Amino acid sequence: MDPMYMAYSLFRRRKFEDCINICTELLEKNPYDQAAWSLKTRALTEQVYVDEIDVDEEGIAEMLMDDNTIAQITRPGTSLKKPGTGQGAPSAGVRPLSQSGRPLSGFVRPGTQSGRPGTMEQAIRTPRTAHTARPVTSASGRFVRLGTASMLSTPDGPFINLARLNFSKYAARPNLAKPLFEYIFHHENDVRNALELAALATEACGFKDWWWKVQLGKCYYRLGLYRDAERQFKSALKQQEMVDTYLYLCKVYVRLDQPLTAIDIYKQGLEKHPGETALLTGIARIYEGLNDMTNAVKFYKQVLHNDNTHVEAIACIANYHFYTDQPEIALRYYRRLLQMGVYNAELFNNLGLCCFYAQQYDMTLSTFERALSLSTDDLLTADIWYNIGQVAVGIGDTSLALQCFRLALVSNNDHPEAYNNLGVLELRKGHLDQARAFFQAAESLAPHMFEPHYNFATLSDQVGDLQSSYNATKKAIEAYPEHCDSKELLEQLKKHFSIL
Amino acid sequence: MLVPIFTLKLNHKINPRMVTLGKYDGKHPNLTAATTAGKVFVHNPHTRMANASGRAIEASVDSDVSLLSINQQVSAVCAGSLDSLGVNDVLMVGTQTNLLAYDVQNNTDVFYKDAPDGVNAIAVGQLGDIETPLAIIGGNCSLQGYDSEGNDLFWTVTGDNVCSLVLCDVTNDGDKELIVGSEDFDIRVFRKDEIISEMTETEAITALCSMANNRFGYALANGTVGVYENNSRYWRIKSKNQAVSIHSFDLNGDGVPELITGWSNGKVDARSDRTGEVIFKDNLSSSVAGIVEGDYRMDGHSELICCSVEGEVRGYLPASQEQKGNLMDTNVEQETIRELSQRKQNLLLELKNYEENAKAGQAERPSGMGELDKAQMGIIPANTQLQTSLTVNPGDANKPPHVELSVSTTNDTIVRSVLIFAEGIFEGESHVVHPSVQNLSNCLKVQVVPPKDVPVDLHIKAFVGGKSSNQYHVFELTRQLPRFSMYLPCPDDTPEPKSSVAFTVNERVQRVLMWINQNFLLNEDITCKGDLNIGFISLRGSGPVFINMQANGQVTIKTDDLDLAGDLIQAIANFLGIEDLQVTADFPMHMEELKNVLHKVDEFHSVRQKLTAEMADHSNLIRSLVVRAEDARLMGDMRNMRRGYMELFDLNRDLINGYKIRCTNHQELLNCLKLVNQTIQKAGQLRVGKFKTQVVSSCREAIKTNNISALFKIIKTGAS
């Protein structure tokens with residue numbers, strides 16, 4: 001068989017390693033074989049290709065040191081920086097926060113765990129404790145860690161020596177320039193050179209090829225030059241309205257913290273591509289980020305209308321129903337997920353909780369058992385034990401609850417909710433010192449949670465330590481300004497102080 | 001006495017001339033100003049008022065101020081509505097490289113545009129018959145207007161860097177014209193993209209404001225403030241301080257707005273628009289940064305709001321009926337009496353003088369000292385006349401070329417000193433020649449070097465008297481310096497310049513000859529029969545110029561100076577009353593230069609892109625180094641931390657060097673772009689009327705499509 005044909009076939013079948021080997025042989029025979037060369041670059045690129053749109057998380061450095069957003073103080077509901085300012089979502093009293101202080105989402109994806117840290121210490125600590133995959137900067141960390149070129153061994157030097165490449169020669173040949181660009185961008189991860197090539201290529205084709213403009217935009221985006229990226233994407237959209245380009249443009253606006261503009265762009269995209277789920281999901285995600293659950297669910301439902309197997313939409317709607325006190329409906333969505341073949345610990349855990357709150361007690365414990373048996377991760381096990389503990393508290397079995405929370409802590413020593421609940425249980429037993437220790441542990445682990453603060457405040461109030469009670473109440477109100485009990489306690493304390 | 005109705009301390013510095021007031025939610029006016037470190041603040045006290053219904057909240061000004069980071073040096077700020085309904089205002093922020101239109105209410109961009117020419121001034125409003133309101137930005141020699149979607153619907157060029165812009169109906173035709181003040185001391189009025197009038201001032205125009213009745217106010221960098229009506233100056237005053245901001249506002253409640261001026265020493269004064277008389281003044285503790293008006297207390301009355309650079313804000317309500325016209329802290333009657341008695345004093349003094357003179361003239365003293373007495377009293381022969389003449393002096397080794405103004409008397413009386421007042425020629429506008437006692441004679445020569453080819457009125461005051469007089473007679477006269485005074489008829493053997501312009505007029509040669517006699521400073525009027533052919537040489541060093549006219553009306557002007565050719569054509573067209581004139585221009589040297597410049601621009605662009613990418617790459621590296629070093633610090637790994645920070649230091653130095661290179665590159669690019677714009681403007685200046693507009697707009701098209709050969713053709717023939 002013709003080796004070139006064989007290589008193409010292997011490439012189509014995604015057997016990149018074999019494809020590369022054949023291409024290498026071909027190139028050894030004839031170093032000027034353009035077809036083999038470009039196929040090899042494509043195969044090398046495909047090996048390490050990562051979806052730029054979905055898998056993209058803001059790095060610690062960007063999050064902390066960049067100031068791309070225009071407004072520092074915005075009107076509620078117009079910024080992603082301050083979650084919880086939107087309307088329509090259940091309050092923090094009902095809907096818990098993730099470990100970094102954002103309201104829980106039904107689907108884990110990059111960005112759902114972010115929350116702007118105040119200090120470097122916090123920024124560096126959060127990924128360590130919360131086990132996120134947050135890179136140091138979005139231009140460096142992830143791409144090295146996810147196993148790109150730098151980790152792949154190359155027997156005799158790199159395939160293409162970028163320093164020796166004459167970019168302007170390649171830029172004039174579109175059939176070679178495009179694979180080469182992708183190779184530099186994805187495989188070599190050398191954005192600067194990729195940008196140079198793209199700039200030359202777009203010039204060579206007389207600024208008429210939208211594809212190059214999108215690539216330029218991607219380079220600028222990676223370099224953090226968001227305004228330049230915006231310009232390129234917009235100009236590309238004028239030529240060709242691609243869904244991808246809309247998605248990229250919206251990502252730029254999200255980075256610039258202009259969620260409403262992003263929604264606007266998504267909607268413009270929807271006019272051209274009605275019912276496109278990627279765009280609809282984008283809108284829903286932004287609304288979710290703004291904590292505007294009513295709108296988010298509206299768009300997730302539209303997504304389902306167009307694609308009824310969309311896992312993210314189903315999960316998010318289920319999550320919304322669960323936290324708005326409709327566990328039966330949530331249960332139906334989770335069962336739908338199960339029917340579709342999602343079979344993991346998280347799902348069974350959620351099913352168990354839904355069953356419990358929907359009063360289907362016969363199913364509750366068995367699903368939790370299934371969840372425990374499927375769990376592969378200590379963190380997850382801790383969460384499941386914590387939930388079983390919740391169920392135990394619900395049925396009034398405090399000793400079981402106590403055991404469950406302790407088991408949760410065995411799996412994950414940094415589980416603030418478990419500490420808090422343990423504290424409450426100890427408090428009920430009258431072990432004030434232990435309870436205080438638990439609350440303090442919870443407080444230090446999760447300063448964004450109001451419960452430990454409030455519990456600690458009531459405890460201190462009971463024992464007469466008014467000063468610490470006052471301080472803790474203040475913190476609780478800071479974390480959750482609408483919390484009624486904290487406010488009452490604060491009023492009471494103020495009265496006390498004024499009498500003194 | 002008018003007192004401020006509110007005073008605020010914002011605790012933020014305000015950049016001068018970067019203050020505006022916008023209703024971003026369509027209802028509440030918010031004071032917006034650029035402050036230090038590339039930030040813009042929005043002061044919104046209204047949401048607090050709404051919240052404060054229940055119980056009192058600590059009224060801290062800080063909580064009302066929200067900052068917007070622009071991350072670049074802000075150069076202009078303006079708020080206005082860009083949709084035709086005009087409900088919500090959009091905030092426009094200009095920097096040296098781009099323009100951002102931002103919706104403050106929704107935290108969204110309306111549009112973001114690159115502005116390679118920079119943004120020196122912004123005006124928002126309806127221009128001419130363009131349907132939607134435009135955000136018009138003035139940069140280096142260019143004017144651009146964007147609609148609410150960021151499309152540029154308006155583009156033209158102007159003579160120099162734009163300093164100030166305002167939209168005002170000067171011609172009283174119901175449509176607004178654009179008034180542009182620029183660094184070449186010119187105020188130009190544009191009706192859409194056509195210049196309808198041009199006024200020359202004596203300094204860069206730093207501020208303009210629209211007033212009632214076709215008037216507009218202006219302020220210059222040398223401290224002059226004044227008002228124009230149509231194309232003529234109404235009044236002007238000059239101060240040693242600089243006027244930072246001017247605004248038109250009816251402060252005394254008489255229905256006619258006054259010109260409010262904020263000065264660099266913190267003074268704010270209101271002047272009557274008719275006379276320039278001060279009707280109100282107040283002092284802020286530091287330099288004024290801007291003056292705006294708006295209903296800031298939401299009570300239905302518009303206030304005048306003055307801001308100082310230190311963030312002090314004062315609001316004034318217009319005077320009520322009872323204190324009408326009496327805003328100063330003085331008693332009008334006393335003031336009038338004082339003024340009248342002062343005048344009486346002056347008149348008495350004058351009368352006394354005359355009496356003395358008369359006495360000396362009539363009564364011959366027995367002592368025989370009459371003559372001396374006469375001289376002392378400053379009596380001069382009744383037939384004394386003052387003669388002035390203007391001649392062109394080509395200059396010599398010691399003296400630069402100049403126009404010589406000689407002032408002489410007809411007899412042996414002497415000219416003690418001469419005081420000349422002329423705009424734009426002397427520094428500070430007036431010039432005094434006061435020779436020492438031994439050099440006194442009956443003739444005095446003054447060097448005049450007009451920097452530009454504009455007609456200037458020389459107001460001359462000469463002190464004439466006897467040799468030993470103590471008192472002198474003052475002769476006052478006005479002499480006009482013709483437009484092209486710095487030119488000499490050139491010798492015959494002068495080589496002809498390479499470049500030329502040619503056009504046809506339907507006029508007799510004699511008319512053009514008349515124009516030449518009027519506008520050039522010639523010793524004797526030129527006459528000629530048949531074809532006209534004259535040559536001049538410029539004393540400013542821009543070479544010879546030949547004007548040639550044939551009997552069939554074909555005119556050729558040969559000169560290497562594009563500016564001069566434009567000036568000559570404009571002046572001839574003006575004199576002959578030509579409305580539209582198409583011209584063929586051939587400037588090989590300029591075209592060569594333009595070609596090089598355009599080539600350079602391309603180079604700078606590509607270099608800039610590379611530098612930008614490099615810098616972004618470096619800054620990414622720096623960020624990751626900071627995080628790593630901090631991480632090491634938190635874990636107590638001091639050696640790694642030290643290493644990280646060392647690397648950081650090296651990289652930082654590299655970055656700063658890179659920045660310097662980028663800065664120079666940018667500066668060069670700016671200069672080149674300015675040159676391109678200026679060439680286009682000059683090419684437009686060669687044509688008159690609709691052809692002028694046509695040249696500018698088709699040049700723009702050619703530049704947009706990067707069609708350089710078309711650009712040259714347009715400059716040459718006036719059409720694409």
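Residues numbered from 1 in each chain as written. Chains lettered and ligands numbered in written order. Predicted model: local features only at pLDDT ≥ 70, side-chain atom pairs only at ≥ 80, totals over all residues. Heavy atoms only, no water.

J.: Requested: an account of the overall build of chain B, with residues and values cited.
T.: A tally of helices and strands in chain B yields nine helices and 40 strands. The principal-axis extent of the C-alpha atoms belonging to chain B is close to 110 × 70 × 60 Å. Relative to its full complement of 720 residues, chain B shows a buried share of 51%. Once local pairs closer than 6 in sequence are excluded, the contacts in chain B between residues at least 24 apart make up 55%. Total accessible area on chain B is roughly 34,000 Å²; 49% of this is exposed by carbon and sulfur atoms. Averaging the coordinates of the 68 positive side-chain charges in chain B and doing the same for the 90 negative ones gives two points 4 Å apart. (Helix = DSSP H or I, 4+ residues; strand = E, 2+ residues; numbered from the N terminus. Buried < 20%, exposed > 50% of the residue type's maximum accessible area, 1.4 Å probe, protein only. Contact = heavy atoms within 4.5 Å. Areas by Shrake-Rupley, 256 points an atom, 1.4 Å probe, with all protein chains shown as cover. Lys, Arg positive; Asp, Glu negative; His and termini not counted. Charge placed at Lys NZ, Arg CZ, Asp CG, Glu CD.)

J.: A description of the pattern of salt bridges should follow, citing residues and the corresponding values.
T.: Per the counting criterion, the structure on display carries 37 salt bridges over all chains. Close ionic contact of arginine 285 of chain A with glutamate 312 of chain A constitutes a salt bridge, the shortest N to O distance being 2.8 Å. One end of the pair, arginine 285 of chain A, is in helix H14 (residues 277-289); the other, glutamate 312 of chain A, is in helix H16 (residues 311-323), and 27 residues separate them in sequence. For glutamate 312 of chain A, a relative accessible area of 4% puts it in the buried group. Two residues, glutamate 496 of chain B and lysine 558 of chain B, come together in a salt bridge whose shortest N-O distance is 2.8 Å. Taken as a pair, glutamate 496 of chain B in the loop between strand E35 (487-489) and strand E36 (500-504) and lysine 558 of chain B in strand E39 (residues 554-559) lie far apart in primary sequence, 62 residues in all. (Salt bridge = Lys/Arg side-chain N within 4 Å of Asp/Glu carboxyl O.)

J.: Lay out the sheet that holds strand E24 (residues 278-283) of chain B in plain terms, naming residues and giving numbers.
T.: All names here are of chain B. Strand order in the open sheet formed by four strands is E21-E22-E23-E24, and the pairing between neighbours is antiparallel. Looking at the sheet topology across the chains shown, the edges are occupied by strand E21 (243-249) and E24. The average undirected angle you get between the axes of adjacent strands in this sheet is 15 degrees. (Pairing = 2+ DSSP bridges. Axes fitted to C-alpha atoms, helices over the stretch in contact; angles between N-to-C directions.)

J.: Which residues make up the interface of chain A and chain B, and what values do they have?
T.: Between chain A and chain B, the contact holds 41 residues from the first and 34 residues from the second. Buried surface at the junction of chain A and chain B, both sides included, amounts to about 3,300 Å², of which 54% is carbon and sulfur. Between chain A and chain B we count five salt bridges in total. In this structure, aspartate 109 of chain B engages arginine 227 of chain A in a salt bridge whose closest nitrogen and oxygen atoms are separated by 2.4 Å. For the side of chain A that touches chain B, the secondary structure elements donating two or more residues are helix H4 (60-65), helix H5 (120-130), helix H9 (191-204), helix H10 (210-223), helix H11 (226-239) and helix H13 (259-272) of chain A. By residue class, the composition of the side of chain A that touches chain B is 19 nonpolar, nine polar and 13 charged. (Buried area = accessible area lost by both parts, 1.4 Å probe. Nonpolar A, V, L, I, M, F, W, Y, C, P; charged D, E, K, R; others polar.)

J.: How would you summarise the sheet that holds strand E7 (residues 90-95) of chain B if you had to cite specific residues and measurements?
T.: Residue and element names in this part refer to chain B. Pairing in this open sheet of four strands is antiparallel, and the strands run E6-E7-E8-E9 from one edge to the other. Taken across any chain shown, the strands that pair with only one partner, and hence form the sheet edges, are strand E6 (74-80) and strand E9 (108-114). Strand-to-strand twist across the sheet, computed as the mean angle between neighbouring axes with direction ignored, equals 15 degrees. Pairing of strand E8 (residues 98-103) with E9, which is carried by six bridges, proceeds in the antiparallel orientation.

J.: Describe helix H8 (residues 690-704) of chain B, naming the residues involved and giving the relevant values.
T.: Residue and element names in this part refer to chain B. Helix length check: H8, at 15 residues, gives a terminal C-alpha distance of 21 Å against a target of 21 Å (1.5 Å per residue), a fit within 8%. Every buried residue of H8 is accounted for by Phe691, Lys692, Thr693, Val695, Val696, Ser698, Cys699, Arg700 and Ala702. In this structure, the buried side of H8 is in contact with strand E12 (140-146), strand E13 (152-168), strand E16 (194-200), helix H5 (562-576), helix H7 (638-685) and helix H9 (708-717). Asparagine 706 lies just past H8 and shows a positive phi near 60 degrees. (Expected span 1.5 Å × (residues − 1).)

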